[in-house]
Amino acid sequence: MAPITVGDVVPDGTISFFDEDDQLQTASVHSLAAGKKVILFGVPGAFTPTCSMKHVPGFIEKAEELKSKGVDDIICFSVNDPFVMKAWGKTYPENKHVKFVADGSGEYTHLLGLELDLKDKGLGVRSRRFALLLDNLKVTVANVESGGEFTVSSADDILKAL
């Protein structure tokens with residue numbers, strides 16, 4: 001499947017997350033993003049070095065600035081289970097705006113065409129690192145990394161595009 005790109009409507013699919021009341025929820029991506037400006041950024045794995053020390057912290061630190069430029073929601077996405085994503089999210093006590101969601105089986109990652117085969121590292125098939133800006137479900141920015149790089153998908157890269 002070809003990777004999602006600018007001009008595409010983001011496919012619908014389901015993701016899981018824990019809500020503010022610590023209840024496990026499953027929702028469609030369309031229900032979370034319809035009628036909104038949303039950043040969906042994906043990482044290869046929770047608790048991995050680049051994801052934990054660079055990618056996620058950038059979005060947490062820049063969340064207020066992103067919101068001041070019209071972003072409604074910031075969603076961190078990974079092929080992990082919702083329990084792992086919840087635990088990972090709790091390691092950022094300063095976080096007020098980034099929602100951590102799970103694509104446990106990688107089905108939504110497949111719909112996006114953004115799989116990254118990390119079987120040789122014992123991680124299975126994960127998500128490529130990316131940052132999408134969605135405006136009422138339409139992709140207006142698609143910053144997708146090659147391999148394990150972190151060069152185009154940061155919060156600063158999205159800020160430049162806003």
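Being a predicted model, the structure only gives us computed values, none of them experimental. (Residues numbered from 1 in each chain as written. Predicted model: local features only at pLDDT ≥ 70, side-chain atom pairs only at ≥ 80, totals over all residues. Heavy atoms only, no water.)

1. A short note on the environment of Pro-11
Here comes step 1: The residue Pro-11 is located in the segment before β1 (14–18) in this model.
Here comes step 2: Spatially, the C-alpha atom of Pro-11 lies 10 Å from that of Val-139, the residues being 128 residues apart in sequence.
Here comes step 3: Once residues within four sequence positions are removed from consideration, Pro-11 is found in contact with Ile-4, Val-29, His-30, Tyr-108, Leu-111 and Leu-112. (Helix = DSSP H or I, 4+ residues; strand = E, 2+ residues; numbered from the N terminus. Contact = heavy atoms within 4.5 Å.)

2. Comments concerning the UniProt feature "active site" (unreviewed entry) in the chain
Here comes step 1: The sites that UniProt annotates as "active site" (unreviewed entry) are Cys-51.
Here comes step 2: Residue placement: Cys-51 occurs in helix α2 (residues 49–61).
Here comes step 3: Look past the residues within four positions of Cys-51 in its chain and what remains in contact with it is Val-43, Pro-44, Gly-45, Val-56, Pro-57, Trp-88, Tyr-92 and Arg-129. (UniProt positions renumbered as here; feature names shortened; annotations may be inferred.)

3. What about unusual backbone geometry?
Here comes step 1: Positive phi outside glycine occurs at Asp-22, with the angle close to 65°.
Here comes step 2: A positive phi is found at Asn-136, a non-glycine position, where the angle reads about 50°.

4. A few points about the side chain of Glu-145
Here comes step 1: With respect to the helices, strands and loops of the structure, Glu-145 is situated in the loop between β9 (138–144) and α6 (155–161).
Here comes step 2: Here Glu-145 is buried and forms no salt bridge, its nearest opposite-charge partner Arg-129 lying at an N-O distance of 5.5 Å.
Here comes step 3: Here the side chain of Glu-145 touches Val-152 through a polar contact of 2.7 Å, landing on its backbone nitrogen.
Here comes step 4: Within the structure, the side chain of Glu-145 is placed 2.9 Å from the side chain of Ser-153, a separation counted as a polar contact.
Here comes step 5: The contacts of Glu-145, once residues within four sequence positions are left out, are Arg-128, Arg-129, Phe-150, Thr-151, Val-152 and Ser-153. (Buried < 20%, exposed > 50% of the residue type's maximum accessible area, 1.4 Å probe, protein only. Lys, Arg positive; Asp, Glu negative; His and termini not counted. Salt bridge = Lys/Arg side-chain N within 4 Å of Asp/Glu carboxyl O. Polar contact = N/O pair within 3.5 Å; in protein donor to acceptor, adjacent residues only side chain to side chain.)

5. What about the nonpolar core?
One broad trend across soluble globular proteins is that nonpolar side chains are buried collectively.
Here comes step 1: Counting residues in hydrophobic clusters, the biggest one holds 25 residues, and the most contacted among them are Ile-39, Phe-41, Phe-59, Leu-66, Ile-74, Cys-76 and Trp-88.
Here comes step 2: It is α2 that provides the largest number of residues to this core, a total of four residues.
Here comes step 3: The residues contacting Cys-76, other than those within four sequence positions of it, are Phe-41, Val-43, Val-56, Met-85, Trp-88, Val-98, Lys-99, Phe-100 and Val-101.
Here comes step 4: In this structure, Ile-4, Ile-15, Phe-17 and Leu-134 belong to the second largest nonpolar core, which totals 21 residues. (Core = buried A, V, L, I, M, F, W, Y, C linked by side-chain atoms within 4.5 Å.)

6. Some thoughts on the packing of aromatic side chains
Here comes step 1: A complete count under the given rule lists eight aromatic pairs for this structure.
Here comes step 2: Here the aromatic rings of Phe-41 and Phe-59 are separated by 4.0 Å at their centres, their planes lie at 15°, and the arrangement is stacked. Of this pair, Phe-41 sits in strand β3 (residues 37–43) while Phe-59 is found in helix α2, placing the two residues 18 residues apart along the sequence. Exposure class is identical for Phe-41 and Phe-59. Each is buried. (Phe/Tyr/Trp six-rings, centres within 6.5 Å; stacked < 30°, edge-to-face > 60°.)

7. Quick word on the side chain of Asp-103
Here comes step 1: Residue position: Asp-103 is located in the loop between β5 (98–102) and α5 (107–112).
Here comes step 2: Buried and without a salt bridge, Asp-103 has Arg-126 as its closest oppositely charged side chain, separated by 10 Å.
Here comes step 3: Setting aside its immediate chain neighbours within four residues, Asp-103 contacts Phe-77, Ser-78, Val-79, Asn-80, Tyr-108 and Thr-109.

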